[in-house]
Amino acid sequence: MAGFEAYGHAIMSLALWSVVSIVLGMIATRGKTAENTCACGHPKRDYSNVVYRRGRAFANAMEMSGPFIGATVAAILAGANPFWVNLLAAVFLVSRVAVAAVHIGTEIQPLRSAVWMVGFLCVLGLVGMAVWTVL
């Protein structure tokens, strides 16, 4: 893998994101019952129900997977500054674990949105670096 060593933390963040996604998927299926599940198989919309919040945490993580993976790989392949690529990818990973913890453990919407924004800004930063580097 010559040439990619400098991006070790970003590559590790991509790998760890796959593990986080799998764990969230397993957590999302715990606790489903006929009483708290719609006919479609998804938990009924009720933020006071931890089963619903687990499902939403997983869905939210999957919605951010494509942008994170695409932006990180683009920044690496473009040859963007490894320090910033590594930092933003690692901060994204930490922020997404925090989003899941807040989403599952609380009903505090503003906190969830604030932590989500950190990851979103990391993705935008990675995209910006990739574009800036190739221009």
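Residues numbered from 1 in each chain as written. Predicted model: local features only at pLDDT ≥ 70, side-chain atom pairs only at ≥ 80, totals over all residues. Heavy atoms only, no water.

### Here we look at the side chain of Asn86
Piece 1. Locating Asn86 in the fold gives a position in helix α3 (residues 82-105).
Piece 2. Within the local environment of Asn86, its side chain forms a polar contact with the backbone nitrogen of Ala10, the two atoms lying 2.9 Å apart.
Piece 3. In this view, Asn86 contacts Ala6, Tyr7, Gly8, His9 and Ala10; residues no more than four positions away in its chain are not counted. (Helix = DSSP H or I, 4+ residues; strand = E, 2+ residues; numbered from the N terminus. Polar contact = N/O pair within 3.5 Å; in protein donor to acceptor, adjacent residues only side chain to side chain. Contact = heavy atoms within 4.5 Å.)

### What about the environment of Ile11?
Piece 1. Tracing the backbone through its elements, the reader meets Ile11 in helix α1 (residues 8-28).
Piece 2. A relative accessible area of 29% places Ile11 in the partly exposed class.
Piece 3. As a C-alpha pair, Ile11 and Ile69 span 58 residues in sequence and 9.8 Å in three-dimensional space. (Buried < 20%, exposed > 50% of the residue type's maximum accessible area, 1.4 Å probe, protein only.)

### A word on a nonpolar patch on the surface
Piece 1. A cluster of nonpolar side chains, namely Phe83, Trp84, Leu87, Val91 and Val118, defines an oily patch on the protein surface of about 440 Å² accessible area.
Piece 2. Tallying contributions element by element places α3 first for the nonpolar patch, with four residues.
Piece 3. Its location among the elements puts Val118 in helix α4 (residues 109-134).
Piece 4. By relative accessible area, Val118 is classed as partly exposed at 38%. (Patch = residues over 30% accessible without salt bridge, like charges linked within 9 Å, V, L, I, M, F, W, Y side chains within 5 Å. Areas by Shrake-Rupley, 256 points an atom, 1.4 Å probe, with all protein chains shown as cover. Salt bridge = Lys/Arg side-chain N within 4 Å of Asp/Glu carboxyl O.)

### A few points about the environment of Ile69
Piece 1. Mapped onto the elements of the fold, Ile69 is located in helix α2 (residues 50-78).
Piece 2. Accessibility expressed as a relative area gives 40% for Ile69, which makes it partly exposed.

### Re the packing of α2 against α4
Piece 1. Close contact between α2 and α4 brings their axes to 8 Å; oriented N to C, the two are set at 30°. Judged by the angle between their axes, α2 and α4 are roughly parallel. Read as a crossing pair, α2 and α4 show a hand that is left-handed. The segment α2 lies against α4, with Asn60, Met64, Pro67, Phe68, Ala71, Thr72, Ala74, Ala75 and Ala78 engaging Trp116, Gly119, Phe120, Val123, Leu126, Val127, Ala130, Thr133 and Val134.
Piece 2. A class-by-class count of the residues in the contact of α2 with α4 yields 14 nonpolar, four polar and no charged. (Axes fitted to C-alpha atoms, helices over the stretch in contact; angles between N-to-C directions. Parallel < 35°, antiparallel > 145°, perpendicular 65-115°, else oblique. Left-handed = near helix turned anticlockwise from the far one by under 90°. Nonpolar A, V, L, I, M, F, W, Y, C, P; charged D, E, K, R; others polar.)

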